[in-house]
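# Geometric and topological summary
Each chain is listed here by its residues.
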Amino acid sequence: MPAVTHDEWLRRAKAFAPPRAHHIDGTEEAGGGAAFPVVSPRDGQVLTEVADAGTTEVDAAVAAARRAFDSGPWPRLAPADRGRVLLRVADLLQERRAELALAVTLEMGKPITDAHDIELRALINTFRWYGQLADKLTDESPHTAPDALALVTREPAGVVGAVVPWNFPLTLAGWKVAPALAAGCTVVLKPSENSPLSALLLARIATEAGLPPGVLNVVNGDGPVAGRALGLHPDVDVLAFTGSTAVGRHFLRYSADSNLKRVWLELGGKSPNIVLPDAPDLAKAAATAAWGIFFNQGEMCTAPSRLLVHSSIAEEVTEAVVARARELRVGDPLDPATEMGALVGEAHLGRVLDHVRRGADDGARLRTGGERTLTETGGVYLRPTVFDRVDPGSRLAREEIFGPVLSVLSFDGVDEAVELANATEYGLAAGLWTSDLSTAHRVSRALKAGTVWVNCYEEGDLTVPFGGMKQSGNGRDKSVHALEKYTELKTTWIQL
């Protein structure tokens, strides 16, 4: 994309016409008339009011998805034909990339450069990857006795309810919607009430690209009403959720209290990032540690929020991270030069600041940050924050903060590092910096995490699965393994 200036993004923001209605059965539906405001964290201004789903709207969306699955063309299309539609979706998303990036930045505060170059790249690549994969899956025919033929086939699971958070509203929606559609399922997507606009645009674009009515529906609303209605609905066959561990427990209860639908959970994290003295490049390790915790304002389930550094290099690495935190440019998310934007809202900022206060009370040393900034803008901004001398048993070291707050802990040996890394209820991701191949393999195997990055962080592509262990959830997004969530295995035994 040609360079777009801050002034031009401001002009586009003024001209932005956000969607307001639910997207149900291929059309935009206002629902019963209730609405809620969408507030931009960059300046505290109301962007629009969007239709608020109650059980009636959720019922309508699920009914549309049910009809589309039971009697519509989508599950019955040849896989190659489904793939071609998903590729058209990807092409149209590329054409509308700037509009979608603007929606993400306005609704949740992500820097526009990150929204355009990272979030939208991930979304477009996801639809393109699953579009290309759709006709390349195979069933099985196990070897049997000569008088029988056995077939093991994968069939679409049915209606999928997908509930996604606000921090990566399009990436995480794409990770669920694209493989579900590739498998032949139909979807009801509920975005966060903080970030409904980009999801509504996604549904509009998918319909324009040729997705049949009812195949992708979007309902706006909060978790206690719309999310609960989706989780309890007897016509939803699969529920895929990304969000907090506490809410994940609710969805498991909803399943138990309804039709025992399969529930797939990608939940919280308190990811360790281990730096050993033999790291191949300490400067790169420190820079990556700073980037990882401050990227997306620290609002990432995989954020390397615990930096575990060998005591012999702890001060050197910490000083480098602190220096980077102090020079990081916090500012208007619509400014392409901004490196860290606004937190999603006032309530979330309050929770993050409470963690900062409790960390200081528990004896950790605040090295930088910990204060609100840019208050004159009306937006929700926090200075990048670093604590060291953090007690491993403290709340700062154990609880997910979901903000730009780093806890530095030191250790004296590799086994101690692994013990510290695993001393959490979460198991989503981890990082390790070492030049020793055996150490890399041994420690990676010992870490209880769904993803381990060695001498890097947040790297990978769609060929590899993503998900957690322990209370970070179950199932996997991305890769061919994501299709396991949205398909059922059927055995057919034919006696010859």
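Above this note sits the structure.
Read on for an overview of the structure. Starting from 1, residues in each chain are numbered consecutively following that chain's sequence as written. Side-chain atom pairs in this predicted model are given and counted only at pLDDT of 80 or more, local residue features only at pLDDT of at least 70, and totals for whole chains, interfaces and linings cover all residues. Side-chain measures were taken over the full set of non-hydrogen atoms in the model, leaving aside hydrogen atoms and water.

## Structural notes on the packing of helix H14 (residues 414-422) against helix H15 (residues 437-446)
The relative placement of two packed helices is expressed as an angle between their axes plus a distance between the axes. What counts here: All axes here are fitted lines through C-alpha atoms, helices being fitted over the stretch that makes contact, and every angle between N-to-C directions spans 0 to 180 degrees. Each helix is a run of H or I in the DSSP string that is no shorter than four residues. Each strand is a run of E no shorter than two, and both are numbered from the N terminus. Any angle between 65 and 115 degrees counts as roughly perpendicular, while under 35 counts as roughly parallel, over 145 as roughly antiparallel, and the rest as oblique. By convention, the crossing between two helices is left-handed when the near helix turns anticlockwise from the far helix through less than a right angle, and right-handed when the turn is clockwise. Any pair of residues with heavy atoms lying within 4.5 Å of one another is described as a contacting pair. Residues are sorted three ways: Asp, Glu, Lys and Arg are charged, Ala, Val, Leu, Ile, Met, Phe, Trp, Tyr, Cys and Pro are nonpolar, and all the rest, Gly among them, are polar.
Across the interface, H14 lies against H15 with an axial gap of 10 Å and an inter-helix angle of 30°. Looking at the two axes, H14 sits roughly parallel to H15. When you trace H14 past H15, the crossing you get is right-handed. On the side of H14, the interface is formed by Val 414, Asp 415, Val 418 and Asn 422, while H15 contributes Arg 442, Val 443 and Ala 446. Looking at side-chain class alone, the contact of H14 with H15 contains four nonpolar, one polar and two charged residues.

## As for the pairing of strand E9 (residues 238-242)
To keep it simple, the criterion reads: Relative accessibility thresholds used throughout: buried, under 20% of the residue-type maximum; exposed, over 50%; partly exposed, between the two (1.4 Å probe, protein chains only). One bridge is not enough; two strands pair if DSSP finds at least two bridges between them.
Counting buried positions along E9 yields five of five residues, so the element is predominantly enclosed. Side chains of E9 alternate between two faces, with Val 238, Ala 240 and Thr 242 and Leu 239 and Phe 241 buried alike. Note that strand E6 (residues 159-163) and E9 share four bridges and pair parallel. Of the residues in E9, the one forming a bridge with Val 160 is Val 238. For E9 and strand E10 (residues 262-266), the ladder comprises five bridges, and the chain directions are parallel. Bridging from a neighbouring strand, Phe 241 pairs with Leu 265 of E10.

## Some remarks on the nonpolar core
The condition is simple: Throughout, nonpolar core names a set of buried Ala, Val, Leu, Ile, Met, Phe, Trp, Tyr and Cys residues whose side chains join them through atoms within 4.5 Å.
Judged by nonpolar contacts, the single largest core of 104 residues is most densely connected at Phe 127 and Leu 189. Membership of the second largest hydrophobic core comes to 28 residues, among which are Phe 387, Ile 401, Phe 411 and Ala 417.

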